[in-house]
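# Working through the structure, step by step
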Amino acid sequence: FSSKINLLEEAHQQTFLNQLREITGINDIQVLQQALKDSNGNLELAVAFLTAKNAKVPQLEEATYYQTALPGNDRYISVGSQADTNVIDLTGDDKDDLQRAIALSLEESNRAFRETGITDEEQAISRVLEASIAENKASLKRTHPEVWSDSPNPYDRKRQDNCPVGLKNVGNTCWFSAVIQSLFNLLEFRRLVLNFNPPANAQDLPRNQKEHRNLPFMRELRYLFALLVGSKRKYVDPSRAVEILKDAFKSNDSQQQDVSEFTHKLLDWLEDAFQIKAEEERDGEKPKNPMVELFYGRFLAVGVLEGKKFENTEMFGQYPLQVNGFKDLHECLEAAMIEGEIESLHSENSAKSGQEHWFTELPPVLTFELSRFEFNQALGRPEKIHNKLEFPPILYLDRYMHKNREITRIKRDEIKRLKEYLTVLQQRLERYLSYGSGPKRFPLVDVLQYALEFASSKPVCTSPVDDLGASAPASGTLPPQIPPSTIEQQGPSSSEVPSTSPVQRSVIHKPFTQSRIPPDLPMHPAPRHITEEELSVLEGCLHRWRTEVENDTRDLQESISRIHRTIELMYSDKTMVQVPYRLHAVLVHEGQANAGHYWAYIYDHHQNRWMKYNDISVTKSTWEELERDSFGGYRNASAYCLMYINDKEQYLIQEEFNKETGQMLVGMDTLPSDLRDYVKEDNKRFEKELEEWDAELAQKAQQEKLLSQIPRTQTVQAGEPEYLEQPSRTDISKHLKEDSVQAINKALAEQEDRGPEAIMDTAIKLEYTRLLKLAQEDPPPECDYRLRHAIVYFIQNQAPKKIIERTLLEQFGDHNLSFDERCRNIMKVAQAKLEMIKPDEVNMEEYERWHQDYRHFRETTMFLMVGLEFFQKKSYMEALLYLIYAYQNNKELLSKGPYRGHDEELISHYRRECLLKLNEHAAALFESGDDQEVNNGLIIMNELIVPCLPLLLVDEMEEKDIVAVEDMRNRWCSYLGQEMEPNLQEKLTDFLPKLLDCSTEIKGFNDPPKLPSYSTHELCERYARIMLSLSRTPADGR
């Protein structure tokens, strides 16, 4: 993040330096920089330093909240792989350091290849896992705060009611979350893992490498499942299990792993772990492995190889299916179950080869791998298949069972015959719908209609060229060697055709007068001559032929529809719907072959609804959303793995019951005692976090309460209320002073002979009436009266009457009214009334909250205004941070009421546009191919855009934001299919997982950008100016 801070600070500093140079006329850059440094970035103070020798340096504490973001601050400590050597400081402005860092990175990559012979692509997931775990550990040791971090408020991380618990993405581990959540939500699998007990002779282990690896992993998996059951956290950290898993991604043949291979390895580990336990518990019988019983089935392969028949039984776990060339899951299965020439299976004297697969035993949990990746020989890399593939929520597998092979063969033969007939009908229909012999073809019924229209047109007796002779301009008026068509298309310019020349004026092209079609010319071509008898015969034939063609077309279409329906219902009879499998989970992949993001849709069998598990985010979903993201053909997302469960095996999803009471066990009651204690300890730690947070808030509230008990006469002397405190405080005091004086003068005019108290009461009523009128008006977006006075804001948001009254008293009790005798008397009356207010009359905590909200509103307004000003200057990098803070602060305000903040749609629009502009700029830098520009483009993406994507994805109802994220991702994914230099390909491969593997966890910047100093008058004026200049102004959200 320090790189981003530097980029933004450089832009801010350069802007201020230019302004200082224009204002003061001083061109010495060192003098300007020193003044800007001494003023802590305050432009007005910097001008004062440069123009007045006796200007005082501001105190440090006035800008401490901003100073921590400066490049020179010692809180920014570079972290390298070694503490004492090769440490490169990337927090400063030295571009050589950045170049050396990149060079070192490439050198390290090349050295690894030379030593191991393994490419980066082959080590991708292993490298990501190890880097992610190392990064997590290193982040705990860093002394400076991370830019994007979990919310410090533990209540933001607290589990709501019985919502499912998410899994934290610890660095490109969305594949782990998707698979683990799918398995965890299989209640039978969950019970097996939770109730797994390590072997009794565990103290003698490890006897071999498998036991050394599998048993610790089972321990961590049990802990993880227990937390998913009973944790009070919104999401839990799977780092310990992932750290053990990293060895699984170092296969002997050094091939890159994916989700399917990870699932294979996971089931292998579980099978091995349960096998150890099963062998220990066996009593002379062959041990049964529950993992095998749950996930593995058998099929019979029957076929002919070079004329010889064979038959063998094979076991399978995940069943692979090809996607390319098929429209639905049944077509994929049919193709997978039949290989080669089927006819050879039924002939005695055939030399052809072929085989059929028949399921003899289906597992309770049936998983299909959808092969959506294929290797592009021309490009030398894998590519993803984005074709649409439909699959049903209920899948009947009767047609693939060995016991139904005879009836299935009959039906397959019938379907084959129907499809052959269907092909003939479709070819015939195509001849009707695409008639002709040339490249352009048309429906025959339209051709006949056009012929009929031509024959029926009014005959003409002249050539289509002859009738233009009279209106054509004289040949002598046209310039030589320029065809008329050129003149008509281009037209003469005013300089070429002077208006004083009558000859030249006659050739000026007049598109709406001179070129108008003569009224007697037909709109369409027509026959030169046709008799009534000829027309009658031709019309009769064309009408009859057209009717015949329409009937033939309709008959063909109906026949095709009937055949389609017959094929669809071929397996719908009662005997073929006895083996139902219900869709339990869909693992979705978004991205390309080289990089992507995984999440899962999992069916809640008890609530009868779909849930979306996307790392820490677990939300309700629908079948329609699942279709959109899983079928493919829409954006870059599609299903990669389908998990079906036997719909008749209810134990798979059945809750556990207490054997003694018969009551259903839920939550912590389902856990063994050791895991229950483990979860309780973790929950105690989290509860302690909550208690510490509450104590911290209570302490702050107590401090504020003590401060509020200080007599207001002391605080009034300090100037205006805190939310009006700006470096230019005299302007703000003057603003309210003018309003107060105006109200006092009106009150004196009405009641000149009354005392100070009566005049003050009248002045307050007049001021309140004025502010109430402003609050009730419906001004245009550029005129926001809430910025003029806090009471307008309070009235619109229905603040208590006591809060408004005290605020008005403080306005008239300000010491700035002591400039003459009459105002001074009224000021003293207001101060006396303030002192007389008892603590139980006005809740000071509530009073401070209202004023704090108003301060928050003004701050949000300034973030929005400055962000929009930068946006209009096309300074998108600077604008982005301001707009992000404007949106986040505004969202918090609007959560308390519709009139607390600004138009959310407007801020969202410019935040989105800012990201899109930066994305285009970064992509253009990447396309340039220049090393420095490519690196700058990736810095923009990594430091600005990628951290912001969760903010756009968190609300899935904001379709425009989601589409914008997809557009940004698609822009970068499109490079995967293009030829580029190896170093660019390597950088793209390293970067894409960060772009695609984006959690929806809401995070925030630790330090907001510095806000300029504005008086109330200047704030209102600049806000009105920027709102008026916007090209797009949605309806005011107030």
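The structure presented is a predicted model; accordingly, all values stated were derived computationally and were not measured. (Residues numbered from 1 in each chain as written. Predicted model: local features only at pLDDT ≥ 70, side-chain atom pairs only at ≥ 80, totals over all residues. Heavy atoms only, no water.)

## Notes on the overall build of the protein
Cut-off, in case you're wondering: Only DSSP runs of H or I reaching four residues or more are called helices, and only runs of E reaching two or more are called strands; each is numbered from the N terminus. Throughout, exposure labels follow a simple rule: accessible area from a 1.4 Å probe, protein chains only, divided by the maximum for the residue type, with under 20% read as buried, over 50% as exposed, and the rest as partly exposed. Working definition of accessibility: Shrake-Rupley area with a 1.4 Å probe, residue cover restricted to the visible protein chains.
When helices and strands are counted, the protein shows 33 helices and 16 strands. Burial analysis of the protein (1038 residues in total) assigns 44% to the buried set. Roughly 55400 Å² of accessible area belongs to the protein as shown, and the carbon and sulfur atoms make up 50% of that amount.

## Describing the UniProt feature "coiled-coil region" (unreviewed entry) in the protein
Worth spelling out the cut-off: UniProt positions are given in the numbering used here, feature names are shortened, and annotations may be inferred rather than shown by experiment.
Mapped onto the present numbering, the UniProt feature "coiled-coil region" (unreviewed entry) falls at residues 676–703. The distance from the first to the last C-alpha atom of residues 676–703 is 40 Å, and the span holds 100% helix and 0% strand.

## Section: the environment of M865
Along the chain, M865 turns up in helix α27 (residues 844–872). Put simply, M865 and A886 are 21 residues apart on the chain and 8.9 Å apart in space, counted from C-alpha to C-alpha.

## Let's talk about the packing of aromatic side chains
Our working rule: Stacked, tilted and edge-to-face are the three classes applied to pairs of Phe, Tyr and Trp rings, where Trp contributes its six-membered ring and a pair requires centres within 6.5 Å; stacked means planes under 30 degrees apart, edge-to-face means over 60, and tilted covers the rest. We call a charge positioned above a ring when the Lys NZ or Arg CZ atom is no farther than 6 Å from the ring centre and deviates by at most 35 degrees from the ring normal.
In this structure the tally under the stated criterion is 33 aromatic pairs. Aromatic side chains Y319 and F359 sit 5.5 Å apart centroid to centroid with 70° between the ring planes, which places their arrangement in the edge-to-face category. With a gap of 40 residues between them, Y319 in strand β5 (residues 318–322) and F359 in strand β7 (residues 354–361) connect regions that are remote in the sequence. Each member of the pair, Y319 together with F359, is buried. When the ring of F368 is compared with that of Y644, the centres are 6.1 Å apart and the planes differ by 70°; the resulting orientation is edge-to-face. Within this pair, whereas F368 is found in strand β8 (residues 365–371), its partner Y644 is found in strand β16 (residues 637–646), the two being separated by 276 residues in sequence. Of the residues examined, F368 reaches a relative accessible area of 0% and is grouped as buried. Judged by relative accessible area, which is 0%, Y644 ranks as buried. Counting every residue linked through ring pairs, the aromatic cluster contains F391, Y603, W610, W623 and F631. Sitting over the ring of F184, R190 keeps its end group 3.9 Å from the ring centre. The ring of W599 carries the charged tip of K612 above its face, separated from the ring centre by 5.0 Å.

## Some thoughts on the nonpolar core
It is characteristic of soluble globular proteins that their nonpolar side chains tend to be buried jointly. Filter applied, for reference: Put simply, buried Ala, Val, Leu, Ile, Met, Phe, Trp, Tyr and Cys residues joined by side-chain atoms within 4.5 Å make one nonpolar core. Note on definitions: a residue-residue contact is assigned when non-hydrogen atoms from the two residues lie within 4.5 Å.
In this structure, F794, L868 and W972 are the most contacted members of the largest nonpolar core, which totals 99 residues. Counting residues per element, this core draws most heavily on α27, at 13 residues. Leave out the neighbours within four places in its chain, and F794 touches A799, I803, I804, T807, W850, H851 and Y854. One finds F184, M218, V236 and I244 within the second-largest nonpolar core, a separate group that totals 63 residues.

## Describing the environment of A790
Among the structural elements, A790 can be located in helix α24 (residues 790–796). The spatial distance from the C-alpha of A790 to the C-alpha of W850 is 9.3 Å, given a sequence separation of 60 residues.

## So, helix α8 (residues 187–194)
The buried fraction of α8 is high, at 8 of 8 residues. All of the buried residues along α8 are L187, E188, F189, R190, R191, L192, V193 and L194.

## Examining the side chain of T670
Here is the rule: Any pair of N or O atoms that falls within 3.5 Å is considered a polar contact. Within protein, one atom must be able to donate a hydrogen and the other to accept it, and sequence-neighbouring residues count only if both atoms are side-chain atoms.
Within the fold, T670 resides in the loop between β16 and α20 (673–708). A residue is classified by how much of its surface remains accessible, and T670, at 18% relative accessible area, is buried. Within the local environment of T670, its side chain forms a polar contact with the backbone oxygen of G667, the two atoms lying 2.7 Å apart. Those residues in contact with T670 that sit more than four places away from it in its chain are V229, E656 and L665.

## Points about the confidence of the model for the protein
For clarity, the threshold we go by: The predictor attaches a confidence to each residue, and that confidence, scored 0 to 100, is pLDDT.
Averaged over every residue, the pLDDT of the protein is 75; residues scoring 70 or more account for 69%. The secondary structure element of the protein with the lowest average pLDDT is helix α4 (residues 64–67), at 32, and the one with the highest is strand β11 (residues 394–396), at 95. For residues 251–257, every residue scores under 50 in pLDDT, and the model assigns this stretch 12 contacts once sequence neighbours within four places are set aside. Of the regions scoring below 50 in pLDDT, residues 712–733 engages in 40 contacts with residues more than four places distant in sequence or in other chains.

## Structural notes on α27
The condition is simple: Residue count minus one, scaled by 1.5 Å, sets the expected span of a helix.
Taking 1.5 Å as the rise per residue, α27 with 29 residues should run 42 Å; its terminal C-alpha atoms sit 42 Å apart, in good agreement. Among the 29 residues in α27, 22 count as buried, and that is most of the element. The distance from a side-chain oxygen at the start of α27 to the backbone nitrogen of E845 is 3.1 Å, and the residue carrying that oxygen is N843. At the exit of α27 stands K874, carrying a positive phi of roughly 65°.

## A few points about the pairing of β16
What counts here: When DSSP finds two or more bridges between two strands, those strands count as paired.
Burial runs high along β16: 10 of the 10 residues are buried. Taken together, the 5 bridges between β8 and β16 define a ladder with antiparallel strand orientation. Among the inter-strand pairings, V365 is bridged to a residue of β16, identified as I645. Of the strand pairs in this sheet, strand β12 (residues 580–591) and β16 are connected by 9 bridges, and their pairing is antiparallel. When the sheet's bridge partners are listed, V588 is paired in β16 with A639.

## Quick look at the pattern of salt bridges
This is how it is decided: Here, a salt bridge means any Lys or Arg side-chain nitrogen found within 4 Å of an Asp or Glu carboxyl oxygen.
According to the stated counting rule, one finds 43 salt bridges in the structure shown. A salt bridge links K388 to E390; the nearest nitrogen and oxygen atoms lie 3.7 Å apart. We classify K388 as partly exposed; its relative accessible area is 45%. A salt bridge links E927 to R971; its shortest N-O distance comes to 2.9 Å.

## Description of the pairing of strand β15 (residues 617–621)
Across 5 bridges, the pairing between strand β14 (residues 609–614) and β15 is antiparallel. Its bridge partner being in β15, N614 is matched across the sheet by S617.

## So, the packing of α27 against helix α29 (residues 904–928)
The test is simple: To get an axis, fit a line to the C-alpha atoms, keeping to the stretch in contact for a helix; angles then go from 0 to 180 degrees between the N-to-C directions. Should an angle fall under 35 degrees it is called roughly parallel, over 145 degrees roughly antiparallel, and 65 to 115 degrees roughly perpendicular, with every other angle called oblique. Crossing handedness is read from the near helix: turned anticlockwise from the far helix by less than a right angle, it gives a left-handed crossing, and turned clockwise, a right-handed one. Under the scheme applied here, ten amino acids are nonpolar (Ala, Val, Leu, Ile, Met, Phe, Trp, Tyr, Cys and Pro), four are charged (Asp, Glu, Lys and Arg), and all others, including Gly, are polar.
Remark: α27 packs on α29, axes separated minimally by 11 Å, with the N-to-C direction vectors making an angle of 40°. As the angle between them shows, α27 and α29 are arranged oblique. Relative to α29, the crossing made by α27 is left-handed. Within the contact between the two elements, α27 uses L864, L868 and F871 and α29 uses L906, I907, Y910, E913 and C914. Residue classes in the contact of α27 with α29 are distributed as 7 nonpolar, no polar and 1 charged.

## Quick look at the state of the cysteines
What counts here: Here, the term disulfide refers to a pair of cysteine sulfur atoms separated by no more than 2.5 Å.
Under the criterion given, the structure shown has 0 disulfides. No disulfide involves C783; its sulfur sits 8.0 Å from the nearest other cysteine sulfur, which is in C1020.

## Digging into the packing of α29 against helix α31 (residues 959–973)
In the contact formed by α29 and α31, the axes pass within 10 Å of each other and the chain directions differ by 0°. When the axis of α29 is compared with that of α31, the two are roughly parallel. Here α29 contributes E905, S908, R911, R912, L915, L916, N919, E920, A922, A923, F926 and E927 to the contact with α31, which in turn contributes K960, D961, A964, M968, R971 and W972. Classifying every residue of the contact of α29 with α31 gives 8 nonpolar, 2 polar and 8 charged.

## Side note on unusual backbone geometry
Even without being glycine, D615 reaches a positive phi, approximately 60°. Among the structural elements, D615 can be located in the loop between β14 and β15. The class for D615 is buried, based on a relative accessible area of 3%. Positive phi values are uncommon outside glycine, yet Q798 reaches one of about 60°.

## Brief notes about the environment of V179
The residue V179 is located in helix α7 (residues 174–184) in this model. Taking the C-alpha atoms as reference points, V179 and A585, separated by 406 residues in sequence, lie 9.3 Å from one another.

## Overview of the side chain of H902
As for its placement among the helices and strands, H902 is situated in the loop between α28 (876–894) and α29. Within the local environment of H902, its side chain forms a polar contact with the side chain of T861, the two groups lying 2.7 Å apart. Beyond its immediate stretch of four places on either side in the chain, H902 contacts D784, R786, F857, T861, L864, N890, L894, I907 and Y1023.

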